[in-house]
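One letter stands for each residue in the lines below.
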Amino acid sequence: MQKAPAALPEGYCEILRLNLQKDKKTALLVNGLALLIMAAMLIPVLFLVPAAPLFDLSDPLLYFLRWGVLLAGAIAYIILHEWTHGFAMGRYGTSRIKYGFTGLYAYAGSGDYFPKRAYIVIALSPLVLWGILLFILLLLVPEDWFWIVYGLQIANIGGAAGDLYVVWRFRNLPGDILIQDDGVSMTVFAKSENLP
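Residues numbered from 1 in each chain as written. Predicted model: local features only at pLDDT ≥ 70, side-chain atom pairs only at ≥ 80, totals over all residues. Heavy atoms only, no water.

In the annotation of an unreviewed UniProt entry, the entry for the protein reads DUF3267 domain-containing protein, and the organism field reads Candidatus Merdivicinus excrementipullorum.

Details of the pattern of salt bridges
Spelled out, the test is: Should a side-chain nitrogen of Lys or Arg be within 4 Å of a carboxyl oxygen of Asp or Glu, the pair is scored as a salt bridge. Secondary structure elements follow DSSP: runs of H or I no shorter than four residues count as helices, runs of E no shorter than two count as strands, and numbering proceeds from the N terminus. Think of it in three bands: residues with accessible area under 20% of the maximum for their type are buried, residues over 50% are exposed, and the middle band is partly exposed, with areas taken using a 1.4 Å probe on protein chains only.
Tallied over the full model, the rule gives four salt bridges. Measuring nitrogen to oxygen at the nearest pair gives 2.1 Å for the salt bridge that ties Arg 96 to Asp 112. Of this pair, Arg 96 sits in the loop between α2 (60–91) and β2 (97–101) while Asp 112 is found in the loop between β3 (106–110) and β4 (114–115), placing the two residues 16 residues apart along the sequence. The exposure class of Arg 96 is partly exposed, given its relative accessible area of 46%. The exposure class assigned to Asp 112 is buried, which follows from its relative accessible area of 3%. The partner of Asp 176 in a salt bridge is Lys 191, with the nearest N and O atoms 3.9 Å apart. Of the two residues, Asp 176 sits in the loop between α5 (161–170) and β5 (178–181) while Lys 191 sits in strand β6 (residues 186–191), which places them 15 residues apart along the sequence.

Observations concerning the packing of aromatic side chains
Short version of the rule: Stacked, edge-to-face and tilted are the three classes for Phe, Tyr and Trp ring pairs, Trp counted by its six-membered ring, which pair at centre distances within 6.5 Å; planes under 30 degrees apart are stacked, over 60 edge-to-face, the rest tilted. Charge-over-ring contacts are defined here by two conditions on Lys NZ or Arg CZ: a distance within 6 Å of the ring centre and an angle within 35 degrees of the ring normal.
Here the structure, examined in full by the defined rule, presents ten aromatic pairs. Between Phe 55 and Trp 67 the ring centres are 5.8 Å apart and the planes differ by 50°, which places this aromatic pair in the tilted class. Residue Phe 55 is located in the loop between α1 (24–46) and α2, and its partner Trp 67 is located in helix α2; the two are separated by twelve residues in the primary sequence. For Trp 67, a relative accessible area of 31% puts it in the partly exposed group. Ring geometry for Phe 146 and Tyr 150: centres 5.2 Å apart, planes at 20°, overall stacked. With Phe 146 and Tyr 150 both in helix α4 (residues 146–159) and four residues apart, this pair spans about one turn of that helix. Judged by relative accessible area, which is 14%, Phe 146 ranks as buried. With a relative accessible area of 10%, Tyr 150 lands in the buried category. Of the aromatic side chains, those joined through ring pairs into one cluster are Phe 55, Tyr 63, Phe 64 and Trp 67. One cation-aromatic arrangement involves Arg 66 over Trp 145; the distance from NZ or CZ to the ring centre is 5.5 Å.

Structural data, given as structure tokens:
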């Protein structure tokens, strides 16, 4: 497994910087993509699995329990999503992971420089890990709890829109690029000799 260097190697220069907090156009694109993914997951399934149990007030205790679990699950998911990014960063050699919340989104970041493949794993790890675990949980819960777990799955996949965008954006860049992700912005570096 290729480790992330703590210092930028010689011969590399910056070729791209992404900051979804400052770049309003890209932020709108990513948020629009997230809403599109969520709608595509929600609307067809509404015709397959009744959502009525989620709004059934015949047992107020169960009603509030379901909504409480959904809210607690959503908060836990945000934390676990970023922890998964941080864990993956640690697997690629960084020991300086910082976590935070900007007011718009939570993040995990590092000052180290990740190789392209490592960064793709880091970016997609929460989507894949929690996607699989939530899918298994969907198969195990009774139907009246389906929408609680499926709501978290919608948040998982829709919430990964930024990660998917970054992977898509980096797809045609050289294989030897290095990415520094401080949690708020990403800077991409390439070998100067490979630049036109």
